[in-house]
Each structure stands twice: as C-alpha cells, then as structure tokens.
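# Close look at the chain arrangement
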Amino acid sequence: MANILSCHSLSKAFGAQQLFNDIDLVINAGDRIGLIGPNGSGKSTLLKIICGLEDRDSGQIQRQKHVRLSYLAQSDDFDDSLGAAENLLQALNGTEYDQTERMHRVQSLLSRAEFIDSEIPVGQLSGGWRKRLSICRSLLTSPDILVMDEPTNHLDIEGILWLENILGGGVADGPQAWLLVSHDRRFLENCTNRVIELSRVYPNGSLQVNGRYSEFLEARETFLENQEVEELRLSNKVRRETEWLRRGPKARATKAKYRIDEAYKLKDELSEVKSRNRASGAVQIDFDATGRKTKKLLEAEGIGKGYEGRTLFSGLDVLLSPGSRLGLLGRNGCGKSTLMQILEAAGREDGLKPDEGTVRVADNVQIVSFDQKREDIDPNITLRRALAPEGDSIVFRDRSLHVVSWAKKFLFRTDQLETPVGQLSGGEQARILIANLMRRPADILLLDEPTNDLDIASLDMLEESLLEFPGALVLVTHDRFLLDRVCERLLGFDGTGKVAYYAEYSQWLKDLTGKAKAVENTSATDKKSREKQPAKKKGKLSYMDQREYDQMEEKILDAEMRLEELQQKMALPEIVSSPSDAAACWEELEQTQIIVDTLYSRWDELEEKKNG
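A short tour of the structure in this document, coming up. (Residues numbered from 1 in each chain as written. Predicted model: local features only at pLDDT ≥ 70, side-chain atom pairs only at ≥ 80, totals over all residues. Heavy atoms only, no water.)

## Section: the pairing of strand S18 (residues 472-476)
Most of S18 sits out of view: five of its five residues are buried. Across the two faces of S18 the burial is the same, with Ala 472, Val 474 and Val 476 and Leu 473 and Leu 475 all buried. One ladder, built from four bridges, connects strand S12 (residues 325-329) with S18; its direction is parallel. Bridging from a neighbouring strand, Leu 326 pairs with Val 474 of S18. Bridge count for strand S17 (residues 444-448) against S18 is five bridges, and the pairing is parallel. Note on S18: the bridge partner recorded for Leu 445 is Leu 473. (Buried < 20%, exposed > 50% of the residue type's maximum accessible area, 1.4 Å probe, protein only. Helix = DSSP H or I, 4+ residues; strand = E, 2+ residues; numbered from the N terminus. Pairing = 2+ DSSP bridges.)

Listed below in structure tokens is the structure:
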C-alpha cells in the first residue's frame, strides 16, 4: 500500500503536563484508523497537529505531494443566517472547481445527507443536522485523508448508520484513508481496520493493532496480562538481587561490579512497569440503590404528549419494577427526553405532566435523573465545591469520605480541586454529574445521554454499574453497544406519535417507514468490512459476541418471566371483561413472544459460532 502520510516521534506537552511522547504513525491508502484513549491523553491535539492546526513540540510529519487532507472538528462553525447549500458553497471559495462543479458537489452531498430543504437557515437546525452538514463540508473537496474528531457526536442512531454508509462507499471520490477519534464502540467496530490507543500504560505511550475494534480489545487484554506477568518476574528478580546486595561487603567484593549496576537497573525497570500497570485507572462508578422491593415502582397508563399540534406519543403504557432496564430509541426530537421529564416529575406537583393518561408511583419512591444539557453545573465554582457542595467531605452509602478520596474515584488529581468547572473538559464535567448521581440513593434511574464525552474505560465501568443496579433504569443513548449490553427492552418512537416495544434496535429501525434501505446499506457495509478482515478461527466468539452470549440466558429468563406474567394477566376477570384492556394485554403478549423468539434465535446463532 502507498504511504501517504507518516509521523515520526511526535511529542506534545502543555506546561508540565506531557500529553504524548515519541508517537509514530503511518497512514497508507486503505487505512481506516480509530484513535482511542483516556480523556486528556491528547487524541484531539494529535489530530490537530497532523492537520497543521496545532504546533508540535518535536517530531516530523511527511506527506506525499498534492495529498488533500480534511478535518472534521467536534464543534461546527457556520454562518447561521445562511442555508446548508450556501454554507457549503462558501466553503468551496478559493478552490479550483468552477461554478457548475461546485453546485454539483454541494447538491450531491446534501442529497446523500437527506436534507429536505437546504435553504433553511443553519441556525434553525438541530445538533444532529448540523453535524451531518459538517460531515458534508469535510467531504466537499474529495480529500485523500479524512480526519474526524468524534464524528458521531450529536447524531442519532439513524445519523450514525448514515455516516457508516457514507464511509463504506456511499460517496463517489471518497477518502483513500481516514483517521478518527471516537468513543462509540460499535462505530469503531464497523468503520476501522486499525486501532491505536494513546495511554501511559504502554511502554511507548501507544498500542497499535491491525484489525477491528474487537480484535484490538483481545490484543490489549493479552498485552496487559503479559505486562503484569513481567512485573511479577521483575519483582522476584529484584528481590533476589536485593538480598544479594544486603550481604556483607566481603561477599559483594567477590562479585562483578556489573552485577551491582544491573541490580539497580532492574529496580528502575520494575518501577517503570509498576507505574504503567497502575496508569490504567478507571472511574469507580457505583450507583446507590435504596434496596426497595416494591413490585411496581412506577406505572404509566395511556399517557400522551404533544406540542404545537404535533403528537410526540400517545396511548403509551410503561411499567417500571426493580431490575427493569428500558432503553428509549428514536430520532432527535421525537419525544424521548419529553417522556423522561414526565417520568422524572411523577408523584410531584411541579414538573412536566402528560396531556392524557395517568402516572402512578409507589409511596416515597426515589427518582434520580441525569440531564444531557448539564445545566446543573455552575461553570464558575471549583471542582472541590462541585464534588462536595456542603464542605470537604461527602456521604456515600452511609460513610463519610473526604473530597480528595472522592475525587480520586473519578480520576481527578488533587491539584485540580481549585480549578473552575468551566475550565474542565466535557468528559470531566460528565464525571462530576455521575459523581453527584452516585450520592443519591435511587429506586429509579433516568439517564438521558450519560455517555457524552466519556472515554471508553469510563463507558465500560458505567455499563457494569448499570447492570448491577438493582432498581429500575430508563436509558436514552445513541450508543448501540450500551443499549444491547444493558437494556432488556427498548421503546421505539417512529417520529409520528406511535411507539412500540422491541428486543433490539435493528427491529425498530426496520419498522421505520422508508428506512429499510438504510438497514440494507448498513448490512452491506458491515459485510464488506468483514470480508476485508482475516477469517476468524472457528469455535471462537469475538469479544462483543462473547459479551452478548454471556448475558443471553439472563435476558431470556427475564423475557419468559414477563411472558408468564402476561399470560396470567390475560386470565384475570377484570381483563377478560374489558375489551380495551384485553386488547392492550394481548398486544404486549404478542410483542413479548416475539422478543423471546428473537432471543432464542440469536442464542442458537451464537452457540453455533461458539461450537464451530
């Protein structure tokens, strides 16, 4: 493959903080590179250095002549008074294309981005549509290398699938290679063939693995296990050499001087390995539950809500019990956050109420919510005050913890405690909100886009905590991996006021009018990506398949228990005597049976893979 860009020994520091050191990176035609790493490891800075938007402290960057490079930033910069087409045309000013070619490029990309009206001022577009427009702008000049910083931010699931299709060949004259930063694990799995992680846990500051994200996870696990073994080996060797050094001078005098020097070198080497093994710290997320055993924590019957003559949803029934894990799916603006606000206000006089239907909650139920807008954080207060509003300690699970110990659970350094919250990164602010949630015991957790700005290590910890949370959970997220991993049921919104329950997001997507083609294109993209990879050995599940397989039996058990409950409910006299209740119960019974059948089918498929 042709080497179109290479970086050698790149280093960057901000003051005393060293982001990365001696990073080597080669980009060849056909490379689809995913760049990951903890918050603050320098991923975005490295992208800017490669694109010439940030100075490097040392190192070299070489690229072939006439190579075009395009950069997609996390935030956009448009003239909000102009429409999508005019903004894209402005971006082509100064290029070699004539007016006809410019119009063709703009209209072609806007058509593929599914813009219905390209004349609407950009200032009126949602975050998701602005992101689509940003992606179109990055593709305008047919770049050879496309560099993207968190390209799935603000996109709903349909938008992410659209982007995967675009990257999979949906645009003529597409990039020869791309380099992207993302925390969306399913997106990384579908759109990369090489993964690079920046982290102090590695000897050279990074680990590069050729293959998809699941293959990277397996390679990283092997590397870290070997590094722990190396620490044990060095520790034993240092112990023996230390014992030798402690012997009397007479014994040491008979030994070669080089052995003494080697003993001290071993100590330094052991110290370095220990430091790396302990650098892979993760946020300690652990939600506190009240332990309440009430079967019905919240029950909503026939609720509906609309705005300005538009129905968001109607006739919706929701039952939350301990252990329930419900995910909400739908386009941006379809009513997911509105439903969350209605549930959050249940049992209170204030807050958002449904236009129709009723919401009942158990006595003294504790509802804790996470708002994606993050308006609860005052940017002017210090990190210390944000974590411990009432002093220098907090109470967690009936235990008093000093703010320094509490901060360390969320990977904050002691020297950051006096830093204003507004100067912290998005990921650090998200960790503050999660820390505040953990201090509040809950029966019901309502999480609206909790994954925004969290790094992958924090996402893994969030997943584990949600799986262990014994109360009820309602989750809004565009992270498909998190939905599949955590939620037992999904409530899908179609954007026209209709809602239905599903076992997985792909079922909801297929039900969307006019979106069958998007599913086919995504499947074709995934298939094409799989064909480029080396054949997997039979009898071995991928990392993601294994995680799905491990929780499949529990999912089936929960679904079958719900099925049995509904069958018993159908026989109740009050249900039999009420045609409307009987019809609603029958509809849920049929939907649950579909869920059970789908789970068994998927389990058989995984069993077949596992057994070769």
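## Some points on unusual backbone geometry
Here the phi dihedral of Glu 150 falls at roughly 50 degrees; this positive angle occurs in a residue that is not glycine. Along the chain, Glu 150 falls in the loop between strand S6 (145-149) and helix H5 (157-170). Exposure remark for Glu 150: the relative accessible area of 7% places this residue in the buried category. In this structure, Leu 411 takes a positive phi of about 65 degrees despite not being glycine. With respect to the helices and strands, Leu 411 occurs in the loop between helix H12 (403-409) and helix H13 (426-438).

## Remarks on the packing of aromatic side chains
In the structure shown here, the tally under the stated rule is six aromatic pairs. On the numbers, 5.4 Å between centres and 65 degrees between planes, the contact of Tyr 202 with Phe 223 is edge-to-face. Pair noted here: Tyr 202 is in the loop between strand S8 (194-198) and strand S9 (206-210) and Phe 223 is in helix H7 (residues 213-245), with a separation of 21 residues, a long-range link. What makes Tyr 202 buried here is its relative accessible area of 3%. Relative accessible area serves as the criterion here: at 25%, Phe 223 is assigned to the partly exposed category. Through pairs of rings, three or more aromatic residues link up here, namely Phe 396, Trp 406 and Phe 410. If you follow Arg 132 out to its NZ or CZ, it ends over the ring of Trp 129, 4.6 Å from the centre. The ring centre of Trp 162 lies 4.9 Å from the NZ or CZ of Arg 132, which sits over that ring. (Phe/Tyr/Trp six-rings, centres within 6.5 Å; stacked < 30°, edge-to-face > 60°. Lys NZ or Arg CZ within 6 Å of the ring centre and 35° of its normal.)

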